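Structural overview
This is what each chain is made of:
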Amino acid sequence: MPAGKRAPAGKRGSEQQAQKRKAPKPQAPEAPPPRKEVFAPWSRAFLRNAALWLMLAIIGGIVFAGIADSLLHRLASFIQIIIISLFLSFAIEPAVSYLANRGWRRGLATGLVFVVVIIGIAGLIALLIPAIITGTKQFLTALPDLVDNLSRYLKPLGVHLDSAHIEEQVRKYGSKLLAGAGSLLGGVLHVATGIVGGLFQAITIALFTFYMVARGPQLRRAVLSRFKQERQRQILFVWERAIEQTGGYFYSRLLLAIINGLLMYAVLRWRGVPFAAPLALFEGFAAEFIPIVGTYIAGAIPALVALLYDPVDAIVVVIWILLYQQIENYFLSPRLTARTMDLSAPIALAAALMGGALGGILFAFLALPVAGVIQAAFRAYGRYYERSEER
């Protein structure tokens, strides 16, 4: 269109409409993409059920632990009786097997061994009671001299003892004890109850031990029949090693204790030390059945008792203990314990401490053959590898 001329109004409107149609229409904002589900549709129900089952398992575990703890506390004495009977059967088994291999019936052989043990215990009691009575009389007769000796020993340490004052205190507290003798009835009844309970426990242990020994082969067959043949050989090896280790350890240590006690008794009687039999018995068993420290504990008591009477007697006792220790270490022990346990000192001490923590002195004694059996099992079935060269 020539410049300066305007288009007609109708034509101008149609052009504007055409331009509007040609202009791009504004696009509507896009909708956000749908959110993806983190869990599968079935997982929510699974998690709810899993949380419920976990809660039930925790509650059930707590309840089960409480019931098990209560049962263990109630059955602790019975479990202890079974363990003691088992190891006593291991100790008696070699003697019973020796008689059974020579034609004795196992029940009769077991009964004979029990009779010998009972006679030995009765003989020890018959030996100790008169010795204790005689030693008590000697102690009361020599009490003033013992007080004087003790005061002389303690004087350099700043401790002063007056024999007259001690006798006065003894008379004073003795009268009080006599005045309150009526109140001792409850204590006497408590002690009597404890003695009856101990006798019942000893009889129960003896019955279980007798059954385990007399029916030993049948018991082993019944246990082994529940396992495969390869496992049977392993269990039988451990069982036989337990009998060998426990029996050998018990008999060798018992023989050493008898030799040690008899020789100590002779020395104490020679020097006139009172309570010679109880001291010799304690020295023999403590020195042989308590590992490492038993020798020092067993030797200290007789030496201290001898020191109260005469320092020369104490010196003689100490010299004898040292001399006997060398004789045992280099002559007796290698010959008597050559086929028994070969435990190093740290292992023996650790086993005795753990056994003592679990069940007192008796378990400390039983822990040694247990450690020997475990060591033998590791040596037989443990894996060994070639050691690399040390740099």
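Anyway, here's the lowdown on the structure attached to this text.

Basis of the calculations
Residues numbered from 1 in each chain as written. Predicted model: local features only at pLDDT ≥ 70, side-chain atom pairs only at ≥ 80, totals over all residues. Heavy atoms only, no water. Helix = DSSP H or I, 4+ residues; strand = E, 2+ residues; numbered from the N terminus. Polar contact = N/O pair within 3.5 Å; in protein donor to acceptor, adjacent residues only side chain to side chain. Contact = heavy atoms within 4.5 Å. Expected span 1.5 Å × (residues − 1). Bend = angle between axes of the 7 residues up to and from the residue. Buried < 20%, exposed > 50% of the residue type's maximum accessible area, 1.4 Å probe, protein only. Core = buried A, V, L, I, M, F, W, Y, C linked by side-chain atoms within 4.5 Å. Phe/Tyr/Trp six-rings, centres within 6.5 Å; stacked < 30°, edge-to-face > 60°. Lys NZ or Arg CZ within 6 Å of the ring centre and 35° of its normal.

So, about the side chain of glutamate 288. In this fold, glutamate 288 is placed in helix H9 (residues 276–289). Polar contacts involving the side chain of glutamate 288 include one to the side chain of arginine 253, which spans 3.1 Å. Beyond its immediate chain neighbours, meaning those up to four positions away, glutamate 288 contacts Tyr249, Arg253, Leu256, Ala257, Asn260, Tyr324 and Glu328.

A few words now on helix H11 (residues 311–336). With 26 residues, H11 should cover 38 Å at 1.5 Å per step; its first-to-last C-alpha distance of 35 Å lies within 8% of that length. Most pronounced at glutamate 328, the bend in H11 amounts to some 50°. Listing the buried residues of H11 in full gives Asp313, Ala314, Val316, Val317, Trp320, Ile321, Tyr324, Gln325, Glu328, Leu332 and Ser333. In this structure, the buried side of H11 is in contact with helix H8 (229–271), H9 and helix H10 (294–309).

Non-glycine residue phenylalanine 275 carries a positive phi angle of around 55°. Relative to the elements of secondary structure, phenylalanine 275 occurs in the loop between H8 and H9. For phenylalanine 275, a relative accessible area of 24% gives the class partly exposed.

Phe90 and Leu368 are the most contacted members of the largest nonpolar core, which has 21 residues in total. Broken down by secondary-structure element, the contributors of at least two residues to this core are helix H2 (43–100), H8 and helix H12 (345–381). For this core, the leading source of residues is H12, giving ten residues. Leu256, Leu279, Ala306 and Trp320 belong to the second-largest nonpolar core, a separate cluster that totals 17 residues.

Turning our eyes to something else, we now look at the packing of aromatic side chains. Tallied over the entire structure, the rule returns five aromatic pairs. Between phenylalanine 114 and phenylalanine 210 the ring centres are 5.7 Å apart and the planes differ by 75°, which places this aromatic pair in the edge-to-face class. With a gap of 96 residues between them, phenylalanine 114 in helix H3 (residues 106–141) and phenylalanine 210 in helix H6 (residues 184–214) connect regions that are remote in the sequence. For phenylalanine 114, a relative accessible area of 19% translates into the label buried. Geometrically, the ring pair formed by phenylalanine 250 and tyrosine 251 is edge-to-face, given 5.5 Å between the ring centres and 70° between the ring planes. The exposure class of phenylalanine 250 is partly exposed, given its relative accessible area of 26%. Judged by relative accessible area, tyrosine 251 falls into the partly exposed class, the value being 33%. Across from the ring centre of tryptophan 270, 5.1 Å away, lies the NZ or CZ of arginine 271, which sits over that ring.

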